[in-house]
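Overview (structure and organization)
Given next are the chains, with one letter for each unit.
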Amino acid sequence: MNSARTILVTEDEPGIIDTIRMVLESEGFRALTAMTSKDCFALMSESPDLLVLDVGLPDSNGFEVLKELRKKYSIPVILLTARESELDKVLGLELGADDYMIKPFSPRELVARIRAVLRRYDGNTEEKFTDFVTDEERKLIYYHGKSLSLTPYEYKTLVLFIKRRGKIFTREEIMDLVWTEPEDSFDRAVDTVIKNLRARLKEIRPDLDPIETRRGQGYGLKESL
């Protein structure tokens, strides 16, 4: 990891900011800090490589900050929240957050999450990933040059995986982000979609299995094959 990587930490608790800054600097990162959304936006001129954003800021809701940032910046974002709410997690992901951590948390784990997110962004280039091509206007996905015949839920799930390649989603996150009909929302429905996706992908490339399954955690698209 490049030691010059800059991390912007936006958090209104001085003790947490100081701890995160100390750990980041000890790991070779450059740390910028802000205690308000206003300062956060001002520091975007420094072109940070990643933003650690607290949901509960004194002058704005962190979700609103993320929403505004996404209109102009594609910077990776890790949310910090004091509330262990599934709704908060899902809302953050829908708005474009790459990961989230619930307070209290280990600063060392935060650094590990930062490295993981940066690796995904570093590797997620068109030159590296040419296996999937998405045509969202026509609702089509091409896999190794061939169009996939997918149901609406299969299509939406695979688009979610492609956009956040390397991230593992729980069944609950997939249902909240993809499912539109409540009566269809149950854990086994997700398993069925994943099983069908695997079968359709293997029809084109029997030698590959790009979908990753982590027992007890969920599903996602492998960072590399």
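Scroll up to find the structure.
This text gives an overview of the structure that appears in the document. Since the model is a prediction, treat every value here as computed from it, not as a measurement. (Residues numbered from 1 in each chain as written. Predicted model: local features only at pLDDT ≥ 70, side-chain atom pairs only at ≥ 80, totals over all residues. Heavy atoms only, no water.)

Relative orientation of the contacting elements helix α6 (residues 152-163) and helix α7 (residues 171-178) amounts to 115°, with a least axis distance of 10 Å. Compared by their axis directions, α6 and α7 come out roughly perpendicular. Crossing of α6 against α7: the hand is right-handed. In contact with Y153, K156, T157, L160 and F161 of α6, α7 contributes I174, L177 and V178. For the contact of α6 with α7, the per-class residue count stands at 6 nonpolar, 1 polar and 1 charged. (Axes fitted to C-alpha atoms, helices over the stretch in contact; angles between N-to-C directions. Helix = DSSP H or I, 4+ residues; strand = E, 2+ residues; numbered from the N terminus. Parallel < 35°, antiparallel > 145°, perpendicular 65-115°, else oblique. Left-handed = near helix turned anticlockwise from the far one by under 90°. Contact = heavy atoms within 4.5 Å. Nonpolar A, V, L, I, M, F, W, Y, C, P; charged D, E, K, R; others polar.)

Side chains that are nonpolar tend, in soluble globular proteins, to be buried together. Grouped together as the largest cluster of nonpolar side chains are 46 residues, with contacts concentrated most on L51, L53, L79, F132, I141, I174 and W179. Two domains each put at least three residues into this core: domain 1 (6-122) and domain 2 (132-221). In this structure I174 touches T157, F161, F169, W179, V190 and Y219, once residues within four positions along its chain are discounted. Grouped together as the second largest cluster of nonpolar side chains are 19 residues, V23, I78, L80 and F105 included. (Core = buried A, V, L, I, M, F, W, Y, C linked by side-chain atoms within 4.5 Å. Buried < 20%, exposed > 50% of the residue type's maximum accessible area, 1.4 Å probe, protein only. Domains from an automatic or database assignment.)

To continue, consider the environment of D49. The residue D49 is located in the loop between α2 (37-43) and β3 (50-54) in this model. On a C-alpha basis, the gap between D49 and Y121 in space is 9.7 Å, while along the polypeptide they are 72 residues apart. Among the polar contacts listed, one links the side chain of D49 to the side chain of R5, at a separation of 3.4 Å. (Polar contact = N/O pair within 3.5 Å; in protein donor to acceptor, adjacent residues only side chain to side chain.)

Read across the open sheet, the 3 strands follow the order β6-β7-β8; overall the sheet is antiparallel. Because the sheet does not close on itself, it has two edges, and the strands there are β6 (132-135) and β8 (146-147). Sheet topology places strand β7 (residues 140-143) next to β8; 2 bridges connect them, and they run antiparallel. Within β8, the position partnered with Y142 by the bridge is S147. (Pairing = 2+ DSSP bridges.)

Turning to the pattern of salt bridges, a few remarks are in order. Using the criterion set out here, one finds 18 salt bridges in the structure. Between K103 and E13 there is a salt bridge whose closest N-O contact spans 3.6 Å. Residue K103 is found in the loop between β5 (99-102) and α5 (107-123), and its partner E13 is found in the loop between β1 (6-10) and α1 (14-26); the two are separated by 90 residues along the sequence. We classify K103 as buried; its relative accessible area is 16%. When its relative accessible area of 38% is taken as the criterion, E13 is described as partly exposed. Salt-bridge contacts for D191 lead to R188; the nearest nitrogen and oxygen are separated by 2.5 Å. On the criterion of helical spacing, the pair formed by D191 and R188 is a turn pair, its members being 3 residues apart in helix α8 (residues 187-204). Exposure remark for D191: the relative accessible area of 14% places this residue in the buried category. The structure contains a network of salt bridges with shared partners spanning E11, E13, D54 and K103. (Salt bridge = Lys/Arg side-chain N within 4 Å of Asp/Glu carboxyl O.)

Let us look at the environment of K146. The topology assignment puts K146 in strand β8. For K146, a relative accessible area of 51% gives the class exposed. The spatial distance from the C-alpha of K146 to the C-alpha of D131 is 9.8 Å, given a sequence separation of 15 residues.

These values are about where atoms sit, not about what they do.
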